[in-house]
Structure formats: C-alpha cells, structure tokens
Amino acid sequence: MTQILVFSEQDSVAFELLSKARELGAASVAVMGASVGAKASDYFAFGGQKVFVGEDARLADFHADMYADALAQIADASGAQTVLIGSTKRGKELAGRVAQRLNCGAVTDAIGLELAAGKPPLQAQRYALGGNTVATDVITSARQVIAVMPRTFEASRTGGTGETVRIELKLREPRVKIVERKQKAAAVANIESALTLVVVGRGFSKQQDLALANELAKALQAEVGCTRTIAADLHWLGEERMVGISGKKCKPRLMLSIGVSGQIQHTVGILGSKVIVAINKDKAAPIFKIADYGIVGDLYQVVPKLIERIGKR
Ligand SMILES: Cc1cc2nc3c(=O)[nH]c(=O)nc-3n(C[C@H](O)[C@H](O)[C@H](O)COP(=O)(O)OP(=O)(O)OC[C@H]3O[C@@H](n4cnc5c(N)ncnc54)[C@H](O)[C@@H]3O)c2cc1C
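Residues numbered from 1 in each chain as written. Predicted model: local features only at pLDDT ≥ 70, side-chain atom pairs only at ≥ 80, totals over all residues.

Engineer: Would you take a moment to explain the overall build of the protein chain for this structure?
Structural biologist: A count of helices and strands for the protein chain gives nine helices and 15 strands. For 313 residues, the compact-globule estimate of 2.2 N^0.38 gives 20 Å, and the C-alpha radius of gyration of the protein chain, at 22 Å, lies within 12% of that figure. Overall, the protein chain is about 65 × 50 × 35 Å in size when its C-alpha atoms are taken along their principal axes. Per-residue burial for the protein chain yields a buried fraction of 42% across its 313 residues. For the protein chain, the proportion of contacts with a sequence separation of at least 24, taken over those separated by at least 6, is 61%. (Helix = DSSP H or I, 4+ residues; strand = E, 2+ residues; numbered from the N terminus. Rg over C-alpha atoms; globule rule 2.2 N^0.38 Å. Buried ≥ 20, exposed ≤ 12 C-beta atoms within 10 Å, placed from the backbone. Contact = placed C-beta atoms within 7 Å.)

Engineer: Looking at this model, I keep getting lost on the packing of helix α5 (residues 210-220) against helix α9 (residues 299-312). Mind explaining?
Structural biologist: The angle between the axes and the distance between the axes are what describe a pair of packed helices. For the pair α5 and α9, interaxial distance at closest approach is 10 Å and the crossing angle is 25°. Relative to α9, the element α5 is oriented roughly parallel. Between α5 and α9 lies a crossing of left-handed hand. For the pair formed by α5 and α9, the contact residues are Leu212, Glu215, Leu216, Ala219 and Leu220 on the first element and Val303, Pro304, Leu306, Ile307, Ile310 and Gly311 on the second. (Axes fitted to C-alpha atoms, helices over the stretch in contact; angles between N-to-C directions. Parallel < 35°, antiparallel > 145°, perpendicular 65-115°, else oblique. Left-handed = near helix turned anticlockwise from the far one by under 90°.)

Engineer: Honestly, the sheet that holds strand β6 (residues 112-115) in this entry has me stumped. Any pointers?
Structural biologist: Backbone-to-backbone hydrogen bonds pair the strands of a sheet. The strands run either parallel or antiparallel. As summarised here, the arrangement of the three strands in space is β6-β7-β8, forming an open sheet in which the pairing is antiparallel. Where the open sheet ends on each side, the last strands, each with one partner, are β6 and β8 (133-138). Between one strand and the next, the sheet's axes are offset by a mean angle of 30°, whatever the strand orientation. Of the strand pairs in this sheet, β6 and strand β7 (residues 122-128) are connected by four bridges, and their pairing is antiparallel. In the sheet register, Leu113 faces β7, and the bridge partner there is Ala124. (Pairing = 2+ DSSP bridges.)

Engineer: Explanation requested: the site of the ligand in the structure shown.
Structural biologist: Contacts to the ligand come from 28 residues, most closely from Gly201, Arg202, Gly203, Gly244 and Ser261. At the level of secondary structure, the elements contributing two or more residues to the shell around the ligand comprise α6 (228-233), α7 (264-267), β14 (275-280) and α9. At three residues, the largest contribution of residues to the shell around the ligand is made by α6. Across the shell around the ligand, the residue classes break down as nine nonpolar, 14 polar and five charged. (Near = placed C-beta within 6 Å. Nonpolar A, V, L, I, M, F, W, Y, C, P; charged D, E, K, R; others polar.)

Engineer: What should I look at first to understand the environment of Asp65 in this one?
Structural biologist: Mapping Asp65 onto the fold places it in helix α3 (residues 64-78). Along the primary structure Asp65 and Leu24 are separated by 41 residues, whereas in three dimensions their C-alpha atoms are 29 Å apart. Other than its neighbours up to four places away in sequence, Asp65 contacts Arg97 and Arg175.

Engineer: So what exactly am I meant to see when it comes to the packing of α3 against helix α4 (residues 89-102) here?
Structural biologist: Where α3 meets α4, the closest approach of the two axes is 9 Å, and the angle between their N-to-C directions is 50°. Between α3 and α4, the angle is such that the two are oblique. Once α3 is placed against α4, the crossing between them reads as right-handed. Counting all contacts with α3, which are made through Ala64, Asp65, Tyr67, Ala68, Asp69, Leu71, Ala72 and Ala75, the residues of α4 involved are Glu93, Leu94, Arg97, Val98, Arg101 and Leu102. A breakdown of the residues in the contact of α3 with α4 according to their chemical character gives nine nonpolar, no polar and five charged.

Engineer: How do you make sense of the pairing of strand β1 (residues 3-7) when you look at a structure like this?
Structural biologist: Each regular strand displays side chains that alternate between the two surfaces of the sheet. Judged by how many residues are buried, β1 sits mostly within the fold: five of five residues are covered. Covered by surrounding structure in β1 are Gln3, Leu5 and Phe7 together with Ile4 and Val6, the residues of both alternating faces. In this sheet, strand β2 (residues 26-33) lies alongside β1 in parallel orientation, the contact comprising four bridges. Residue pairing across strands places Val6 opposite Val29, the latter belonging to β2. Note on the crossover from β1 through helix α1 (residues 11-24) to β2: the handedness is right-handed. Bridge count for β1 against strand β4 (residues 82-86) is four bridges, and the pairing is parallel. Note on β4: the bridge partner recorded for Ile4 is Thr82. (Right-handed = clockwise from strand over helix to strand, strands pointing away.)

Interpretation note: all reported values are geometric properties and have no functional meaning in isolation.
Here is the structure:
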C-alpha cells in the first residue's frame, strides 16, 4: 500500500487531501508550527492514520526554506512515497523546495490524482497548453511531491483515531528576517466558498462602473469575482477575486457572469457551479456554451433591470 503524507498550511485543504489520500493508500499528515499539539485529533477525523508533529519556535512565521527543511525531515521519518501539498501560493513555493531536499520530482497545480491499475506511482492530472487540455503527469523518481489545487476533492469525515508522532526537527536559523508587518488594506474576499457569485469581465468599460456589479451582488448577498483581465491587467480588483486557471476554482450554487467572454482559462474555474447565468452583448461569446441561462444584451441595460427586479422581491 502506498504511503502518502499530506501537508497544507490551510486546514480545510489538508482535510480535502486527506480524504482523497485515504482512498489511494495509507494517509498520514504533517502538522508544523510553533505550537500545534491540539490539532492532531482533527486530522484523525478526516482519515489520517498518523499525525507527524513538528514543533519549533522558528516555524511561527512561514519561511519557505524552513518549512521545506521541516517537511522533508517529516517525509523521511514517515517513510512516505508521496508527499501531497495544497497548491496554494505557499504550497507552490514549498513543493519544489521539498522535492529538491528529497531528491525527487514535483508537480504543482494538479487537478486530479489516480493510481494507474491500482499501482504506485500516483499519477497527477493538470491543465496544459493554457488550459486547452488535461495532461497526465507521472513522476518517475522513487518519491514524488504533488501539489493539488484547493477544492479539487471533497473533505469527508471518517471519525477515526490514530497515532501522534513527534518529530525532533533539526532547523537552521531563518535566512529571512521579518522587519515589519502591514495589514492588507481591503477585506480579503473568499470567492471559493461563496454560494452566490457575481463575476465581472472586460465588458465593463470603466472601473467606477463596477459599482453596478457591487449593487447587484449586495442585492443577491453574493461575493464579487472577476476575470484575469480585471484583476491582473487592469488592477480594478484584487487578485484574490480572480477566477480561473491562474486564480480560484469556485463552486457557487448560482453564478452570474457579466461581460465575460468565457475563454477556457477562465471557465475551468467555474465548471463546478450549479447554475451559470451569463450576460454578454455578443451572442457568439463562448461563455454561452457553458451557461445554463444566457441574456444577450448590453450589461448597462440588463444589470440595472435585474437590480430593480430583485429589489422588488
Ligand atoms: C496561461 C493563461 C492563463 C490564464 N488564466 C486566466 C485565469 O485564471 N482567469 C481568467 O479570467 N483569465 C485567464 N486568462 C486570460 C483569458 O484567456 C482571457 O483573456 C480572459 O479571461 C478574458 O477576460 P474577459 O472575459 O474579462 O475579457 P474579454 O475577453 O475582453 O471579454 C469581454 C467580453 O465582454 C463582452 N462585452 C463587452 N461590452 C459589453 C457590454 N456593454 N455588455 C455586455 N457584454 C459586453 C464582450 O462581448 C466580450 O465577450 C489566462 C490566459 C492565459 C494565456
């Protein structure tokens, strides 16, 4: 049976990975930080057979180098063949470094995992060619590091118990010193867990016009997400709101897509949505191919009418 070690600095992502790992082999989890003892029982509930705890005051802050040293030591101690990491910003920083320490290959942004014919090594699926196809990657080294996109798997509880193993870490002093911390100006949006999402695209001609989308979102108690053009090119909204292959994967019950063309790199982030409503003035826009309901029209006329109707209800 293949031995799989899971780590994510986000508990919810670690629970998702554990839930999948226990289907594929013997799943254990690495928990690291300055003080982490109380968490172990949470991981047993999601199928972790062993929880490897690495506590060290130097892990209070996330330094990719330190965490990579610590995770590689835990991977060695656990005897894991595969290390699964959440493909978050930090997870992606970590994956390559851990692989270098374990002298093995790494894959990031995986969207699926499987054992071909029930045998190791684990194979990882990921988008390739700008999101136009899905490639299956096989790491041929003895061990593998695979970083999996958050929300790829459902977290499910088994309610089990397990063993806690403390690992004595041998860490160097951090090479980076934190000299100042600044609070982010805006509240951080959580579009991944939004039940209703209003997604805006380049169909909006000015940044101020996004007030329309905000008003609609308020009426629907929705979060606002956006395309890469709006976040990364125009900087009208923060990148934490970006949906797609380079952004977040969202699974709302209702998604309103406004002035979005619907290129594949964007739509891979919304395929899990239950109902998609698209508003676009071009009836040939690709977004209509995946929309459940489509409104062909100018958003500047359609959205105010929607707000008015919803307000009346
Ligand atoms: C490697 C790679 C990764 C990428 N990753 C991502 C990603 O993660 N997320 C992402 O979103 N994109 C990503 N992209 C970019 C993606 O390919 C598209 O370019 C982008 O999604 C387009 O954004 P958009 O729909 O806002 O703009 P456009 O493509 O310019 O579309 C604007 C749409 O608005 C419509 N419109 C215009 N005016 C109005 C109006 N008044 N009323 C109604 N409709 C109107 C137009 O008909 C058009 O369909 C990536 C690209 C690459 C190459």
